[in-house]
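If you want the building blocks of each chain, they are given just below.
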Amino acid sequence: MFGLEEQMSIEKLQVKATEIRRDIIAMLGEAGSGHPGGSLSAADIVTALYFSVLNIDHKNPRREDRDRFVLSKGHAAPLLYSALAERGYFPKDELMSLRKFGSRLQGHPKIGSPPGVEISSGSLGQGLSVANGMAMAGKLDGKDYRVYALLGDGEIEEGQIWEAAMTAAHYKLDNLCAILDFNGLQIDGPIVEVMNSNPIREKWTAFRWNTMEIDGHNFEEILRAFEEAKKIKGKPTIIIAHTIKGKGVSFMENVVDFHGKAPTKEQTRQALEELS
Amino acid sequence: MTEMIATRDAYGKTLVRLGEIDKDVVVLDADLSKSTKTHDFAKKFPERFFQMGISEQDMMGTAAGLATCGKIPFASTFAIFASGRAWEQIRNTICYSNLNVKIVATHAGISVGADGSSHQCIEDISLMRTIANMTVIVPCDAVETGKAVMTAAAMKGPVYIRLGRAKVPIILNEDEDFEIGKGKVLIDGSDATIIACGIMVEKALEAAQKLRVRGGTNCRVINISTIKPIDEQLIIKAARETRAIVTAEEHMSKGGLGSAVAEVIVENEPVPMRMIAIKDRFGESGDPGELFREFGLTEDDIIKAVEEVVKK
Ligand SMILES: Cc1ncc(C[n+]2csc(CCOP(=O)(O)OP(=O)(O)O)c2C)c(N)n1
Ligand SMILES: [Mg+2]
């Protein structure tokens, strides 16, 4: 274990997740565009990763034995940037430069920009393959780092996800843990209406993955799932996390339109008030 | 008779050599390892070979992930599946991240022959050279292939190397140096310049020889194996000194070597130019000789083009 000096209590994680949600709203309000819904739905999962699970070192972002986090659903970039800033990778002030000309905080993640961003993403469906490659390299080098990849439930409609699912099982990548942000919505509507991909858990099981299903807003369940995943040998794990898109902001929760629409000034104020 | 070796065979042998020298080299293939010749590496270094199955997009992403961890991945399949099926993975995951992935694609061009159009990639130079950060190399023979592969492994950043299926004659000497971004004058001349890549270099040399023997036209012949970054200085010099240019490639005229050369000439030293290339159509089944005649890629086609530009 390196990086964090002390393990965060569940209460502290909850506070941190609220701070991260506030960052997301403030950044998007300032930027005037971007994706709140899927950033907020995964906020608890990503908070748990960055403040309890990942072996990472903000003073040495490219340390070879670090755990890797791949944000495959790259449109949740504000969430990643906030987690990195809160974790000390770069000054929090910089968050307000999101999506602006000259900023390191591009609209979708760009590798190394800022340090801690492990791979460029934004085109959906590609991150799981990258995570596989990282996990294969770890096995080849006899390193015991772990690789985490966050996928969207709409994203897994991409064929490449299933190519990568086969690869991870074929190469027995038990150092890989995917998390599915199962919020039930994509851009054009509910998943079941746009492209009904059910049954999802059975699909991953059939692809020879270890599967778990949790409440993606319950830190006890999130942390337990990550711990259990570490113990599974010979196959990759996917944690299917039931979440609420827009979680934490009343007027964004389960609202399809807040997938890719930034809050207005008034909505920003209101959301920050709810999140205080 | 000069020795005939397919560039993909040279690739297979070079990979094994590379694998011995550099433990970070890993190889990925999408169920074509016997044809792309990565099979030799797989036998020698099974733990560093990743069979990806028929999933080219996943292969490119996996190669990207390996590269982020310091590996030097060589990803191989046929040119159409590498550059076509996985184009966006190459663009967004590999090249935008400027990762150290080497894509070595075989079975480019109509010299694939009998398999027909679905397997004859005539668009890859164009597709690959429009992506920022990408280096594009088209070796003309087995010797240059070996050097291109070794050099690509030694440089940082994404590289696309275009290889063929067919056996091709050895043109270059083993002791000549190879530098990415540098073209080479193979024959000097002052009346016109033929700029070629890949399998067409040999035809360019033959065309130049015939023109010389017939008397009258002394052609300069340039082998441009790096299509990107292209050797602008050498091209501008040739345009300035010979005042006429013909390009020759086994690829569509749109976006290929001819286009790349034209981009340089138009901005720097406009001179009459002709492109020997495939004109806006798909390939067909047949033997390579028949196909090269049908598609206008013979030395006689080059000669005709030279005569036209010289007259202008
Ligand atoms: C390949 C690709 N196609 C389309 C898009 C546009 N797009 C961005 S987000 C999105 C919906 C994603 O839905 P989901 O994965 O469920 O994300 P979440 O609900 O977590 O925000 C789409 C279609 C894209 N970024 N990439
Ligand atoms: Mg969703």
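Everything quoted here is computed from the prediction, not taken from an experiment. (Residues numbered from 1 in each chain as written. Chains lettered and ligands numbered in written order. Predicted model: local features only at pLDDT ≥ 70, side-chain atom pairs only at ≥ 80, totals over all residues. Heavy atoms only, no water.)

### A few points about the site of ligand 1
All names here are of chain A.
Here is step 1 of the chain: Close contacts around ligand 1 come from 18 residues, with Lys73, His75, Asp153, Glu155 and Lys245 the closest.
Here is step 2 of the chain: Within the side chain of His75, a nitrogen or oxygen atom sits 2.6 Å from an oxygen atom of ligand 1.
Here is step 3 of the chain: Contacts to ligand 1 include Asp153, whose side-chain N or O atom sits 2.6 Å from an oxygen atom.
Here is step 4 of the chain: Expressed as a share of its isolated accessible area of 590 Å², the protein-covered part of ligand 1 is 77%.
Here is step 5 of the chain: Classifying every residue of the shell around ligand 1 by side-chain character gives three nonpolar, nine polar and six charged. (Near = heavy atom within 4 Å. Polar contact = N/O pair within 3.5 Å; in protein donor to acceptor, adjacent residues only side chain to side chain. Areas by Shrake-Rupley, 256 points an atom, 1.4 Å probe, with all protein chains shown as cover. Nonpolar A, V, L, I, M, F, W, Y, C, P; charged D, E, K, R; others polar.)

### Digging into the pattern of salt bridges
Residue and element names in this part refer to chain A.
Here is step 1 of the chain: Summed over all chains, the structure comprises 36 salt bridges over all chains.
Here is step 2 of the chain: Of the charged contacts in the structure, one is a salt bridge between Glu64 and Lys143, with a shortest N-O distance of 3.1 Å. One end of the pair, Glu64, is in the loop between helix 3 (43-53) and strand 1 (68-71); the other, Lys143, is in the loop between helix 5 (127-140) and strand 2 (147-152), with 79 residues separating them in the sequence.
Here is step 3 of the chain: Of the residues examined, Glu64 reaches a relative accessible area of 54% and is grouped as exposed.
Here is step 4 of the chain: By relative accessible area, Lys143 is classed as partly exposed at 28%. (Salt bridge = Lys/Arg side-chain N within 4 Å of Asp/Glu carboxyl O. Helix = DSSP H or I, 4+ residues; strand = E, 2+ residues; numbered from the N terminus. Buried < 20%, exposed > 50% of the residue type's maximum accessible area, 1.4 Å probe, protein only.)

### Let's talk about the nonpolar core
Here is step 1 of the chain: Residues A:Leu128, A:Trp204 and A:Trp209 are the most contacted members of the largest nonpolar core, which totals 82 residues.
Here is step 2 of the chain: No other element matches the seven residues that helix 5 of chain A contributes to this core.
Here is step 3 of the chain: Per-domain counts for this core show at least three residues from each of domain 1 (4-169) and domain 2 (184-311) of chain B.
Here is step 4 of the chain: Aside from chain neighbours lying at most four places away, what touches A:Trp204 is A:Leu128, A:Leu151, A:Ile156, A:Ile161, A:Trp162, A:Ala165, A:Trp209, A:Thr211 and A:Ile238.
Here is step 5 of the chain: Membership of the second largest hydrophobic core comes to 56 residues, among which are A:Ile56, A:Ala77, A:Ala85 and A:Leu98. (Core = buried A, V, L, I, M, F, W, Y, C linked by side-chain atoms within 4.5 Å. Domains from an automatic or database assignment. Contact = heavy atoms within 4.5 Å.)

### Examining the sheet that holds strand 6 (residues 135-137) of chain B
All names here are of chain B.
Here is step 1 of the chain: If you trace the seven strands from one edge of the open sheet to the other, you get 3-2-4-5-7-6-12, paired in mixed fashion. At either end of the open sheet lies a strand with only one pairing partner, and these are strand 3 (49-51) and strand 12 (226-228). Averaged over all neighbouring strand pairs, the angle between strand axes comes to 20°, with direction disregarded.
Here is step 2 of the chain: Of the pairings in the sheet, the one linking strand 6 to strand 12 comprises two bridges and is antiparallel in character. (Pairing = 2+ DSSP bridges. Axes fitted to C-alpha atoms, helices over the stretch in contact; angles between N-to-C directions.)

### Overview of the domain arrangement of chain B
Residues and elements named next belong to chain B.
Here is step 1 of the chain: Per the domain assignment, the segments of chain B are domain 1 (4-169) and domain 2 (184-311).
Here is step 2 of the chain: Taking only C-alpha atoms, the centre of domain 1 and the centre of domain 2 are 26 Å apart.
Here is step 3 of the chain: Of the residues lining the interface, 30 residues belong to domain 1; the matching set on domain 2 comes to 34 residues.
Here is step 4 of the chain: Of the roughly 2300 Å² buried at the junction of domain 1 and domain 2 (both faces included), carbon and sulfur atoms supply 57%.
Here is step 5 of the chain: Ranking the residues of domain 1 by area buried against domain 2 places Ile110, Ile122 and Arg129 at the top, with a combined share of 31%. (Buried area = accessible area lost by both parts, 1.4 Å probe.)

### Description of the state of the cysteines
Here, disulfide denotes a covalent bond that connects the sulfur atoms of two cysteines.
Here is step 1 of the chain: On inspection of all chains with the given rule, the structure shows zero disulfides over all chains.
Here is step 2 of the chain: With no disulfide partner, B:Cys69 has as its closest neighbouring cysteine sulfur the one in A:Cys177, 17 Å distant.
Here is step 3 of the chain: A relative accessible area of 15% means that B:Cys69 is categorised as buried.
Here is step 4 of the chain: Summary of cysteine pairing: B:Cys121 is not part of a disulfide, and the nearest cysteine sulfur, belonging to B:Cys197, is at 13 Å.
Here is step 5 of the chain: The exposure class of B:Cys121 is buried, given its relative accessible area of 0%. (Disulfide = S-S within 2.5 Å.)

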